[in-house]
Structures are given as structure tokens and as C-alpha cells.
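Per-entry structural report
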Amino acid sequence: MEVKLWNDKREREMYENFAELYAIIKATEKLEKAYIRDLISPSDYETECQKLIVHFKTLSASLKDFVPSIERFADTYKMDCSAAVYRLVTSGVPATVEHRAAAVASTSSSASVVAECVQNFITSMDSLKLNMVAVDQVYPLLSDLSASLNKLSILPPDFEGKMKMKEWLLRLSKMGASDELTEQQARQLHFDLESSYNSFMAALPSAGKSKHQL
């Protein structure tokens, strides 16, 4: 006798998303352990970890009604993935970013502001991927990002990210709250965010490669 896990298409999609969430958490756990054991380079680790974090944030946002607690999800399925839960839920940024943030903190800037900038970049890019393109959805995210970038003393006034966010905020302020970005505008904004994020990461001091000091 065949036993079905779902009764309709909606339930089937939910279980498929559960499986994907499970896979992301497991993959992150393996990646964290590989990084700690020097089995992967910091640059490769950061690239892969960033991808997993973005996928996790996008998926967990769509599952928030079914999975209100990732920790409980991990416990329910006996995943034993504490490193992944910390990276995906508590930290939200790769360990390499945390280390660079610590280096920035030692040069009189706040590590928490660096983490805040990274989170704001990721949130802004994720929102566009989720098709959140109305002005009253996009403007607050870019405003938060701009404010966090302006808090960092290591970034010059003409830093690419600051200038581009200022231009976008000015453009959005001339539109109505319910107006939406066109597909072309959304694509350009995502490109500008990604470019600014890469410039931001490059502007941070090297973390001395001391990856074990969290």
C-alpha cells in the first residue's frame, strides 16, 4: 500500500521546501567544519557560505508560517548542526566576514556596524529576488543600508555604495509609495547592490586570517 506524504500540491511543495531547508542546513554544517579544519580556502568558503545564507534566507522567509523556529526544526529532525544554526540564524554572515569585522573593530570602528552593513546588503538583494519592488518596500531597506554605510569611518565619502544608494533614494523619493520598479530598474538596482557589496568587502581590512577567534 502506497503512503502519501501530502494530500495536495500545496502540501507537496511544503515538504519539498522542508527537504531543501534540511539540505541547506546540512551543507552549511559541512562547510563550517571544512573551514575550521583548513580543508577549504577562505575565499572559496566565503563564496559558498554566502550562497547558502542567501538561499536560506529566501527559503526560510517563504516557510516562516510552517517553520517559525529553525532551531526547533533542527531538533525535530535530530540534525545536530549547531555550527550551521549559528552561521545561518545567529550570525547571518560568513565567518570570514566576522573576522574582518573584528579587524575593523580593532581600528576603532564597530564590528557590529560591519555586520549590520552586510545584513542590509543581503536583505536588500534578497527582497528584489522575492519580487518586493514597490517603492514603500524598497525605500526603507536602501535607507537602512545607506545609514549603516555612513556609520563606518573607514569608508570615504565618495565610496561607491554610498553614492549609488544616495542616487537610488533620490530617485525613489520622486515616486509614489505604491509605484513599482520596472523589471529593468529592479535588475539595475540588484546589479548596483551587488557591485557595491563587493566593493564594501574589498574595503574592509584583512582579518589576519585568524579564523578561530569568533
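All of these numbers come straight from a predicted model, not from anything done at the bench.

Structural notes on the side chain of Glu46
Its place among the elements puts Glu46 in helix α2 (residues 42-62). Looking at Glu46, the relative accessible area reads 16%, which means it is buried. What Glu46 contacts, discounting residues up to four positions off in sequence, is Pro94, Thr96, Val97, Arg100 and Met201.

Looking at the pattern of salt bridges
As enumerated under the stated definition, the model contains seven salt bridges in all. Between Arg12 and Glu16 there is a salt bridge, with the nearest N and O atoms lying 3.3 Å from each other. Highlighted residues: Arg12 and Glu16, both in helix α1 (residues 9-36), separated by four residues, approximately one helical turn. Relative accessible area serves as the criterion here: at 43%, Arg12 is assigned to the partly exposed category. The exposure class of Glu16 is partly exposed, given its relative accessible area of 43%. Ionic pairing is found between Glu32 and Arg87, a salt bridge with its closest N-O pair at 3.1 Å. Note that Glu32 is positioned in helix α1 and Arg87 in helix α4 (residues 82-91), a separation of 55 residues in sequence. For the residue pair Glu32 and Arg87, the accessibility class agrees, reading buried in each case. Beyond isolated ion pairs, a larger network of salt bridges with shared partners links Glu32, Arg87 and Glu98.

Things to note about unusual backbone geometry
Unlike most non-glycine residues, Asp38 shows phi in positive territory, near 60°. Mapping Asp38 onto the fold places it in the loop between α1 and α2. With a phi close to 50°, Asp80 is a non-glycine residue in the positive phi region. Structurally, the position occupied by Asp80 is in the loop between α3 (70-76) and α4.

Describing α4
If you check which residues of α4 are buried, you get Ala84, Val85, Arg87, Leu88 and Ser91. Downstream of α4 by a residue or two, Gly92 has a phi angle that is positive, lying close to 80°.

Considerations on the packing of aromatic side chains
According to the stated counting rule, one finds seven aromatic pairs in the structure shown. With 5.9 Å between their ring centres and 70° between their planes, Phe18 and Phe73 make a pair best called edge-to-face. Pair noted here: Phe18 is in helix α1 and Phe73 is in helix α3, with a separation of 55 residues, a long-range link. Both residues of the pair, Phe18 and Phe73, count as buried. When the centroid spacing of 5.5 Å and the interplanar angle of 70° are considered together, the rings of Phe121 and Tyr197 count as edge-to-face. Separated by 76 residues along the polypeptide, Phe121 in helix α6 (residues 111-129) and Tyr197 in helix α9 (residues 183-203) bring together distant segments of the chain.

About the criteria used
- Residues numbered from 1 in each chain as written.
- Predicted model: local features only at pLDDT ≥ 70, side-chain atom pairs only at ≥ 80, totals over all residues.
- Heavy atoms only, no water.
- Helix = DSSP H or I, 4+ residues; strand = E, 2+ residues; numbered from the N terminus.
- Buried < 20%, exposed > 50% of the residue type's maximum accessible area, 1.4 Å probe, protein only.
- Contact = heavy atoms within 4.5 Å.
- Salt bridge = Lys/Arg side-chain N within 4 Å of Asp/Glu carboxyl O.
- Phe/Tyr/Trp six-rings, centres within 6.5 Å; stacked < 30°, edge-to-face > 60°.

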